[in-house]
Amino acid sequence: MAIAKAERLMNLALCLLGTRRPLTKRELRASIEAYLEVGGGSGRGGEDAFNRMFERDKDDLRELGLVIETVENLEGEIAYQARRDSNRLPPVALDAEEAAALTLAAKVWQQARLAGAASGALQKLRAAGMPLADSGAEDPYGGHSALEPRIPVREAAFEPLMLACRDRRPVTFAYRKSNAARPGTRHVEPWTLECWRGHWYLAGHDRDRGAERVFRLSRITGPVRSRAGAYTAEVPDHVTVRETVERWAGEIATATARIRLRQGAGYPLRARALRTREAGDGWDELEIPYGHGLDAWLVEFGPDVVVLEPADLRADVVDRLRAVAKG
Amino acid sequence: MATNAIDQTRRMLSLVTYLRERPGARVEDVARAFGITTDELISDLHVLPMCGTSFRGGDLLDIDTDGERIWWHNADAVGSSTGEPLRLAADEATALLVAARAVATLPGLRESDREALQRATAKIEAAAGESAGASSRLSVSFESEGGVFADVDRAIAERRRLWIRYYSPTRDTLTEREIDPIRLFAVGHTYVEAWCRLSEAHRTFRLDRVAEIRLLDEPSDPPPVELRDLSEGLVQPSAEDPQVVIEVGPGGRWVAEYYPHDSAEELPEGGLRITLRAPDPASLRRLALRLGRDGRIVSPSELADSAREAARAALAAYGD
């Protein structure tokens, strides 16, 4: 039976961490049973299979945070070592309260890779002496804190984009704008990912448009492909995804509108009203902020809302109502 | 739960560190510290004795367990470098720091918890060094209504009943009800899971729809209920609910993003035919009105009719 990958990785990690001098590939192969077994251990095919496996394993260990140095020894052979001083966790003194807060926070991830990374981080810290948080498991309604925040990640594009942002790699993907019939290809230098109101957005430099753009991950159709090469635009220190998204959502008002609203109806409109007065006959008159998308929202209230002004909003609402009345 | 090789390797490296410092550690305690089942731990303990710096030289980890305690017999012989605490990887630092910063922004968080989290964040940033850099490329904001949140949080801590005025968008009405709060959770928006004494049922309320809130003196007394499984998504329509079919043009594709649905078939010209389930199809009248020329209700016909009637009644006020 083939030796499990975790066992092989563990052996490679221990060899690289334990050695006082860099080890050549040949030496590593002689020390690790799984490498000797590859391809029967001899012949050209076995050699190639071992080389591929070794390269992949090194990459995996680097993903796990191991710093592996590569040097050329006196015979001109490449040799490897994970030096103690570059791999050691500096002392972290967390008290019980800090440990509990961190443990609770680490549970927010619902995405496999980040959930795995967060619990891996806690395991490292615990192994290094972080106190264990009290478990409130005995009483489901009691416990330490009443709050359970969760970060949803349903978008397939999340993981490749997270890695692209981390490693600063340009990407291409098919993107469908909210009102477009067909997706178009975008070439983007990704900067940051931000989750706002439960949805993920990417901010980056759009190469075709030569400007900063914000993309909603759920509108990315198909795979995200990374491209070789460096960024062509400078990455800004501060990226404001939220402002762009709020503008899309019409939360940045550009004017005010005057509407009539039936009494008892439209609580969210009342909650945002700048002014409200009784208009008689069971109606109120409200002044509300007027931003992008207000027409669609007002139509939802059907006959309980009448737009008084401005005229363009009134016309948009009537237009929408006519479409539904005909439908 | 099946673990992948990467996560298992990560865990076993930490296990070695942990066990070096704690000879004779109890299986139960170690599993709890690592957030894994005892079975998962035992399977790791089967792998560790196969690991070391050379399988031929015999310097493998001599770790074994009697099922209750774990012993590492040659911890000193294998050299002090094996089992030193390892630095955090970039992904590990990112996952922890982004989560901690996000939770620290929750407006209703207890001040002592927030301060503990901020202290912890600063310490992790310092310890992670370079690995912490990439964590600025990911950020999460939770949204919650500060005042309402604080009252619900207090009610849960003091086990008190709440009175709320709650907005239902599907009916466009406010209702007054008493609820026994069970827990708060945040998935995009912030919600309270509670026993609703008006409907005598287990309900979830979105905090930004709470128009008014008051703490009552009566004790909260929710019957034992099964808490919602947050990993499944918030809306779980039942297969017995009536079916609704909606056809949208390109401008109405957002419906598929916001409404959980059974299917969404592509139509020519970038449209979609969306089939979803709703316990009360009439509640979708708002959606039908909102869609305007970007979509139409195919079935049930009562829903399409009620949207048409509402639109006609609304147009009458404009003299149309």
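Residues numbered from 1 in each chain as written. Chains lettered and ligands numbered in written order. Predicted model: local features only at pLDDT ≥ 70, side-chain atom pairs only at ≥ 80, totals over all residues.

## Brief notes about the overall build of chain A
Along the backbone of chain A there are 12 helices and 13 strands. Taken against the 2.2 N^0.38 rule, which gives 20 Å for 327 residues, the C-alpha radius of gyration of chain A at 29 Å runs more than 25% over that of a compact globule. The principal-axis extents of the C-alpha atoms in chain A amount to approximately 95 × 55 × 40 Å. Restricting to contacts in chain A with at least 6 residues of sequence separation, those with at least 24 account for 55%. (Helix = DSSP H or I, 4+ residues; strand = E, 2+ residues; numbered from the N terminus. Rg over C-alpha atoms; globule rule 2.2 N^0.38 Å. Contact = placed C-beta atoms within 7 Å.)

## Some points on the UniProt feature "domain: WCX" (unreviewed entry) in chain A
Here the UniProt-annotated "domain: WCX" (unreviewed entry) positions come out as residues 256-325 of chain A. Between the C-alpha atoms that bound residues 256-325 of chain A there is a distance of 27 Å. The span itself is 39% helix and 37% strand. (UniProt positions renumbered as here; feature names shortened; annotations may be inferred.)

## Structural notes on the domain arrangement of chain A
Along its sequence, chain A is carved into domain 1 (5-87), domain 2 (96-127), domain 3 (158-248) and domain 4 (255-326). A C-alpha centroid distance of 47 Å is found between domain 2 of chain A and domain 4 of chain A. (Domains from an automatic or database assignment.)

## What about the domain arrangement of chain B?
For chain B, the domain assignment lists domain 1 (5-72), domain 2 (90-137), domain 3 (146-232) and domain 4 (243-316). With centres defined by C-alpha atoms, the gap from domain 1 of chain B to domain 4 of chain B works out at 56 Å.

## Things to note about the UniProt feature "domain: WYL" (unreviewed entry) in chain A
Under the UniProt annotation, "domain: WYL" (unreviewed entry) lies at residues 157-221 of chain A. For residues 157-221 of chain A, the end-to-end C-alpha separation is 8 Å, with 15% helix and 52% strand making up the annotated structure.

## Observations concerning the sheet that holds strand S11 (residues 275-280) of chain A
Residues and elements named next belong to chain A. Reading across from one edge, S11-S12-S10-S13 is the order of the 4 strands in this open sheet, with antiparallel pairing throughout. With partners counted over all chains shown, the strands left at the sheet margins are S11 and strand S13 (305-309), one partner each. Averaged over all pairs of adjacent strands, the angle between their axes in this sheet comes to 30°, without regard to strand direction. Those strands touched by helix H12 (residues 311-326) are strand S10 (255-262), strand S12 (283-290) and S13, and its axis lies near 150° from that of S13. (Pairing = 2+ DSSP bridges. Axes fitted to C-alpha atoms, helices over the stretch in contact; angles between N-to-C directions.)

## A short note on the nonpolar core
Ranked by size, the top nonpolar core spans 130 residues in total, and within it Ala13, Leu102, Ala105, Ala118 and Leu161 of chain A together with Leu96 and Ala99 of chain B carry the most contacts. The dominant element in this core, judged by the number of residues it contributes, is helix H4 (residues 90-104) of chain B, at 10 residues. Ignoring sequence-local partners within four residues, the contact set of alanine 118 of chain A consists of Ala106 and Trp109 of chain A together with Ala95, Leu96 and Ala99 of chain B. Residues Ile288 and Val324 of chain A together with Val248 and Leu303 of chain B belong to the second largest nonpolar core, which totals 34 residues. (Core = buried A, V, L, I, M, F, W, Y, C linked by C-beta atoms within 7 Å. Buried ≥ 20, exposed ≤ 12 C-beta atoms within 10 Å, placed from the backbone.)

## What about the environment of arginine 296 of chain B?
The topology assignment puts arginine 296 of chain B in strand S13 (residues 295-299). On a C-alpha basis, the gap between arginine 296 of chain B and glycine 252 of chain B in space is 9.6 Å, while along the polypeptide they are 44 residues apart. Setting aside residues no more than four positions away along its own chain, arginine 296 of chain B makes contact with Gly327 of chain A together with Glu247 of chain B.

## Some points on the packing of helix H1 (residues 5-18) of chain A against helix H1 (residues 5-21) of chain B
H1 of chain B packs onto H1 of chain A with a crossing angle of 45° between their chain directions and a minimal axis gap of 9 Å. By the angle class used here, H1 of chain A and H1 of chain B are oblique. Between H1 of chain A and H1 of chain B the crossing geometry is right-handed. Of the residues in H1 of chain B, those touching H1 of chain A at Lys5, Ala6, Leu9, Met10 and Ala13 of chain A are Ala5, Gln8, Thr9, Met12 and Leu13 of chain B. Tallied by class, the residues present in the contact of H1 of chain A with H1 of chain B amount to 7 nonpolar, 2 polar and 1 charged. (Parallel < 35°, antiparallel > 145°, perpendicular 65-115°, else oblique. Left-handed = near helix turned anticlockwise from the far one by under 90°. Nonpolar A, V, L, I, M, F, W, Y, C, P; charged D, E, K, R; others polar.)

## Observations regarding the UniProt feature "domain: WYL" (unreviewed entry) in chain B
Under the UniProt annotation, the feature "domain: WYL" (unreviewed entry) is placed at residues 148-214 of chain B. Strand forms 64% of residues 148-214 of chain B and helix 16%; the C-alpha atoms that close the span are 9 Å apart.

## Notes on the confidence of the model for chain B
Segments scoring low in pLDDT should not have their predicted coordinates read at a detailed level. The predicted model of chain B averages 87 in pLDDT, with 92% of residues at 70 or higher. What the predictor reports for the complex is a pTM of 0.76 with an ipTM of 0.80. (pLDDT = per-residue confidence, 0-100.)

## So, the sheet that holds strand S2 (residues 69-72) of chain A
All names here are of chain A. Taken in spatial order, the 3 strands of this open sheet run S1-S3-S2, and their pairing is antiparallel. This sheet does not close on itself; its edge strands, each paired only once, are strand S1 (23-24) and S2. Pairing analysis gives 4 bridges linking S2 to strand S3 (residues 78-81), with the strands arranged antiparallel. Within S3, the residue paired with glutamate 69 across the bridge is glutamine 81.

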